[in-house]
Amino acid sequence: MLLWVTVVNVFKASLVQAQVGKERDGSNTFTWFLTRYTFRILYSRYRNMGNLLKVLTCTDLEQEPNFFLDFENAQPTDTEREVWEKVDLVLKDARGILDELQAYKGAGQEIREAIQNPNDEALQKAAWVAVVPLVGKLKKFYQFSQRLEAALHSLLGALTSETYDNPTQNLEREQALAKQFAEILHFTLRFDELKMTNPAIQNDFSYYRRTLSRMRINNTPTEGEKEVNNELANRISLFYADATPMLKTLSDCTTKFVSENKNLPIENTTDCLSTMASVCKVMLETPEYRSRFTSEETVSFCLRVMVGVIILYDYVHPVGAFSKSSKIDMKGCIKVLRDQPPNSVEGLLNALRYTTKHLNDESTNKTIKSMLQQQ
């Protein structure tokens, strides 16, 4: 048995190397098919030789996608271009949104002085003047979330279509759209990180709403209402009340997409998400793939996308990402995170610990919980 385990592992390694060569220059196409064919024969012949051989053979190559998703250079094909251009208009503004959010300082000082001196009209006016333009920014961020939702809806329509046989083919052949999906996930996690660490956002907006209500009662001219009327203020308030508002936007959008497309099996959507997570994991843990990244920023991008899609899958899938029936190799994904420099991934591990939906379910594997709890 040990001999066959060794032989199978040799063929697994050969298959990865041949796949990389095939994608790089096409020169190993025959070798790739020959190696894969031989591996399948071995797997079929010896898959019943005990649990150890089953564990060793029924892994990445049979269950997980094994291709390089070019997050750095993917360009749209003619079939992708219409959706790609629509989404690109949204993503062009994403960087600016993050920059504005990162620079958001709030009006805490002015608000405190106004609250401590309720009869000082000058301080009341100063606080209002400071808050109104900030509320304009918060409105802009909220409206961008609506644009992002529409962009994700378009991408899901393309990436879950039945044009190809399975989600792996969709992602492999529509890499420019897959890259945009990854960019949306990357933006979402970064936005929510910044929002969670900036209490001024909710404080500013709460003060704005209280002051606006008081001005109406006193029949005071409310020029600031032109910025955000009462109906919009309610929606914005609900948006920022969530710990991870942008992630909630994506999960609600994905759930809505599934409910609106009843003729499309839900597996088309959840398998698209699990495939993306698996692609990221395989690229990060396979030296031949990882060496093709030209920047360490791409490694960080890939890690963030992997975590983002896991969280999204956990919200959308009926039993989540941590159950035995999940198609995401959670142990493998956590191991990939643990293999990185600790300071670079603690925020991502915290995202899995605190922003997922099903981690604390009784059905969650204890080993997975333990891996995430380790400091």
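All figures in this text were calculated on a predicted structure; none of them were measured in a lab.

J.: Tell me about the overall build of the chain, and please be specific about residues and values.
T.: Secondary structure summary: the chain contains 19 helices and zero strands in total. In the chain, once contacts between residues fewer than 6 apart in sequence are set aside, the share between residues at least 24 apart is 75%. Carbon together with sulfur atoms contributes 51% to the accessible area of the chain, which is approximately 19,000 Å² in total.

J.: Summarise the pattern of salt bridges; cite the residues concerned and give the values.
T.: In total, this model carries 15 salt bridges according to the counting rule given. Residue Lys281 pairs with Glu285 through a salt bridge whose shortest N-O separation is 2.8 Å. You can see Lys281 and its partner Glu285 sitting in helix H14 (residues 266–285), four residues apart, about one turn around the helix. Classification of Glu285 by relative accessible area gives partly exposed; the value is 34%. Across the pair Glu346 and Arg353 runs a salt bridge whose closest N-O atoms are separated by 2.8 Å.

J.: Talk me through the layout of surface pockets; I want residue IDs and the actual numbers.
T.: Estimated volume of the second largest pocket: approximately 650 Å³. Secondary-structure elements contributing two or more residues to the lining of the second largest pocket are helix H5 (81–91), helix H6 (94–102), helix H10 (175–196), helix H16 (296–316) and helix H18 (342–354). Sorting elements by how many residues they give to the lining of the second largest pocket places H10 first, with seven residues. Partitioning the lining of the second largest pocket into residue classes produces 12 nonpolar, eight polar and 10 charged.

J.: I'd like a description of the packing of aromatic side chains, backed by residues and values.
T.: One pass over the full model with this rule turns up 10 aromatic pairs. A centroid spacing of 6.0 Å and a plane angle of 45° characterise the contact between Phe68 and Tyr289, whose relative ring orientation is tilted. Placement of the pair is Phe68 in the loop between helix H4 (60–63) and H5 and Tyr289 in helix H15 (residues 287–290), with a sequence separation of 221 residues. Using a relative accessible area of 7% as the deciding quantity, one classes Phe68 as buried.

J.: I'd love a proper account of the environment of Thr364, names of residues and values included.
T.: With respect to the helices and strands, Thr364 occurs in the loop between H18 and helix H19 (366–373). Among the residues examined, Thr364 registers a relative accessible area of 5% and is labelled buried. In the structure, Thr364 is positioned 42 residues away from Phe322 in sequence and 5.4 Å away in space, judged by C-alpha atoms. Setting aside anything within four residues of it in sequence, one finds Thr364 in contact with Phe322, His358, Leu359 and Lys369.

J.: How would you sum up H6? Please name residues and give values.
T.: Buried residues of H6: Ala94, Ile97, Leu98 and Leu101, and no others. Projected down its long axis, H6 carries its buried residues within an arc of 95°, all on one side.

J.: Would you mind going over the state of the cysteines in detail, with residue names and values included?
T.: A full pass over the atoms with the stated rule returns zero disulfides. Not part of a disulfide, Cys280 finds its nearest cysteine sulfur in Cys302, a span of 3.9 Å. Since its relative accessible area comes to 0%, Cys280 is described here as buried. Looking at Cys333, it has no disulfide partner, and the nearest cysteine sulfur is the one in Cys280, 8.6 Å off.

J.: Describe the packing of H5 against helix H8 (residues 121–159), and please don't skip the residues or the numbers.
T.: Put simply, H5 and H8 touch, their axes get as near as 9 Å, and they point 160° apart. With respect to their mutual orientation, H5 and H8 come out roughly antiparallel. By crossing handedness, the relation of H5 to H8 is classed as left-handed. Between H5 and H8, the contacting residues are Val83, Lys86, Val87, Leu89 and Val90 on the first element and Phe144, Arg147, Leu148, Ala151, Ser154 and Leu155 on the second. In terms of residue class, the contact of H5 with H8 is built from eight nonpolar, one polar and two charged.

J.: Would you mind going over the confidence of the model for the chain in detail, with residue names and values included?
T.: Model confidence for the chain is summarised by a mean pLDDT of 82, while 80% of its residues fall at 70 or above. Note on residues 1–20: pLDDT under 50 across the span, and 41 contacts to partners over four residues away in sequence or across chains.

The rules behind the values
- Residues numbered from 1 in each chain as written.
- Predicted model: local features only at pLDDT ≥ 70, side-chain atom pairs only at ≥ 80, totals over all residues.
- Heavy atoms only, no water.
- Helix = DSSP H or I, 4+ residues; strand = E, 2+ residues; numbered from the N terminus.
- Contact = heavy atoms within 4.5 Å.
- Areas by Shrake-Rupley, 256 points an atom, 1.4 Å probe, with all protein chains shown as cover.
- Salt bridge = Lys/Arg side-chain N within 4 Å of Asp/Glu carboxyl O.
- Buried < 20%, exposed > 50% of the residue type's maximum accessible area, 1.4 Å probe, protein only.
- 1 Å grid on protein atoms, 1.4 Å probe; cavity = no way out; pocket = protein on both sides within 12 Å on 5 of 7 lines; lining within 4 Å.
- Points joined across faces, edges and corners; volume = space filled by probe spheres on them.
- Nonpolar A, V, L, I, M, F, W, Y, C, P; charged D, E, K, R; others polar.
- Phe/Tyr/Trp six-rings, centres within 6.5 Å; stacked < 30°, edge-to-face > 60°.
- Arc of directions from axis to C-beta.
- Disulfide = S-S within 2.5 Å.
- Axes fitted to C-alpha atoms, helices over the stretch in contact; angles between N-to-C directions.
- Parallel < 35°, antiparallel > 145°, perpendicular 65-115°, else oblique.
- Left-handed = near helix turned anticlockwise from the far one by under 90°.
- pLDDT = per-residue confidence, 0-100.

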